[in-house]
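Architecture and fold: a report
The residues making up each chain are set out below.
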Amino acid sequence: MLGVYLSGTGNTKHCIEKLVKMLDQSAKVIPLENKNVISEINSHDTIILGYPTQFSNAPIMVRDFIKANDIWKDKRILCVTTMGAFSGDGAGCTARILKRKGAIILGGLQIHMPDSVCDSKLLKKSVEENRRIVIEADKKIEKTVCNIHNGKYPKEGISFFSHILGLFGQRLWFYNKTSHYSDKLKISNNCIGCGLCSQICPMNNIEINNKRAVAGKKCTMCYRCISCCPQKAITLIGDNVYEQCQFSKYMDSYNE
Ligand SMILES: Cc1cc2nc3c(=O)[nH]c(=O)nc-3n(C[C@H](O)[C@H](O)[C@H](O)COP(=O)(O)O)c2cc1C
Ligand code: SF4
Ligand code: SF4
């Protein structure tokens, strides 16, 4: 078994690591941007694939990766998505592409986690509320593991009904936001050229030029740079960073 994930603010990383390690203590879990990801997928039969829901869709980096690589035939795949509020068929969005590529879809799992959109006030919760959300998510993962051990995979987001729900509930209205990489990343004069954003971007979409970060046109909207910039200098959907969302923020103090 292999866990592969894309994660901007740490939610999906946490969920996939917990799920995979509970299913198989010795299994590897790697981020999608790992340079060995293709050879790792090639050498495993069962893959747990995780990513955040974006506008009721899978991030374009994840969809492109699946489409671009002919490595899926006969792989047994559980599609897992994390979401801030609603995802009709977030898991189904990759399951359908993978199926066309010859994969065997074991199931779909959609996990409610804290919202990651740092530059929007919508859906923002207190640290305490976010912590409660994570605790519920952990319980859901534990229950899922029990069911899988009994041979029952979750089927969330992969039915025809979920497809219609995701499509008409949100995806159609926001289709233009997820159909291509974004060139809308904004970097303010507060940037001090520290280079952190450039080092952590999974798309290598940011360069440092003359001690200033400069964004390219291949942003997969993961919000990793926005949630980490020490100067709160980066925005995408909104114009102000209200709260930098990071999984560790809600859970580190809890675990201490
Ligand atoms: C650009 C963008 C769009 C999003 N769209 C949705 C959405 O349609 N529905 C939802 O429930 N959450 C949505 N979210 C919230 C994330 O799916 C959620 O916070 C997720 O757990 C983040 O995971 P990560 O920390 O692994 O990146 C969106 C987040 C981003 C950055
Ligand atoms: S992380 Fe922020 S301050 Fe550092 S280079 Fe990037 S935009 Fe500038
Ligand atoms: S530019 Fe920022 S938001 Fe866009 S893909 Fe890179 S890290 Fe993610």
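Right, let's walk through the structure included here.

**Brief notes about the packing of aromatic side chains**
- Counting across every chain of the model gives 1 aromatic pair.
- With a centroid separation of 6.0 Å and 80° between ring planes, the pair formed by Phe 65 and Trp 72 is classed as edge-to-face.
- When its relative accessible area of 14% is taken as the criterion, Phe 65 is described as buried.
- Directly above the aromatic system of Tyr 181 lies the positively charged group of Lys 218, at a separation of 4.4 Å from the ring centroid.

**Regarding the side chain of Thr 12**
- The residue Thr 12 is located in helix α1 (residues 11-23) in this model.
- Among all residues touching Thr 12, those that are not within four sequence positions of it are Tyr 5, Leu 6, Ser 7, Gly 50, Tyr 51, Pro 52 and Thr 82.

**Some thoughts on helix α4 (residues 90-100)**
- By the criterion of burial, α4 is predominantly enclosed, with 8 of the 11 residues buried.
- Buried residues of α4: Gly 90, Ala 91, Gly 92, Cys 93, Thr 94, Ala 95, Ile 97 and Leu 98, and no others.
- If you follow the buried residues of α4, they end up packed against β3 (46-52), α3 (60-68), β4 (76-83), β5 (104-112) and α6 (160-171).
- Of the residues flanking the end of α4, it is Gly 102, one or two places downstream, whose phi is positive at about 95°.

**Side note on the packing of α3 against α4**
- At a minimum axis distance of 10 Å, the contact between α3 and α4 shows a crossing angle of 10°. Judged on the interaxial angle alone, α4 and α3 are roughly parallel. Residues Val 62, Arg 63, Ile 66 and Lys 67 of α3 pack against Thr 94, Ile 97 and Leu 98 of α4.
- Looking at the contact of α3 with α4 residue by residue, the class counts come to 4 nonpolar, 1 polar and 2 charged.

**A look at the packing of α1 against helix α5 (residues 127-149)**
- The N-to-C vectors of α1 and α5 enclose an angle of 30°; their axes lie 10 Å apart at closest approach. Classed by the angle they form, the pair α1 and α5 counts as roughly parallel. Considering how the two elements wind past one another, α1 and α5 form a crossing that is right-handed. Packed against α1, whose contacting residues are His 14, Cys 15, Lys 18, Leu 19, Met 22 and Leu 23, the element α5 presents Val 134, Asp 138, Ile 141, Glu 142, Thr 144, Val 145, Ile 148 and His 149 at the interface.

**Notes on the nonpolar core**
- Core analysis: the biggest nonpolar cluster contains 42 residues, and Leu 19, Ile 48, Val 80, Ile 111, Leu 185, Ile 226 and Ile 234 have the highest contact counts within it.
- Among the elements of the structure, α1, β4, β5, α5, α9 (224-228) and α10 (247-255) are those that each provide at least two residues to this core.
- Not counting residues within four places of it along the chain, the set of residues in contact with Val 80 comprises Ile 16, Leu 19, Ile 48, Leu 49, Gly 50, Tyr 51, Leu 109 and Ile 111.
- Core analysis: the second largest hydrophobic core is formed by 29 residues, Leu 2, Ala 58, Ile 71 and Leu 98 among them.

Rules used in this analysis
- Residues numbered from 1 in each chain as written.
- Chains lettered and ligands numbered in written order.
- Predicted model: local features only at pLDDT ≥ 70, side-chain atom pairs only at ≥ 80, totals over all residues.
- Heavy atoms only, no water.
- Phe/Tyr/Trp six-rings, centres within 6.5 Å; stacked < 30°, edge-to-face > 60°.
- Buried < 20%, exposed > 50% of the residue type's maximum accessible area, 1.4 Å probe, protein only.
- Lys NZ or Arg CZ within 6 Å of the ring centre and 35° of its normal.
- Helix = DSSP H or I, 4+ residues; strand = E, 2+ residues; numbered from the N terminus.
- Contact = heavy atoms within 4.5 Å.
- Axes fitted to C-alpha atoms, helices over the stretch in contact; angles between N-to-C directions.
- Parallel < 35°, antiparallel > 145°, perpendicular 65-115°, else oblique.
- Nonpolar A, V, L, I, M, F, W, Y, C, P; charged D, E, K, R; others polar.
- Left-handed = near helix turned anticlockwise from the far one by under 90°.
- Core = buried A, V, L, I, M, F, W, Y, C linked by side-chain atoms within 4.5 Å.

Spatial relationships are all this shows, so hold off on functional conclusions.
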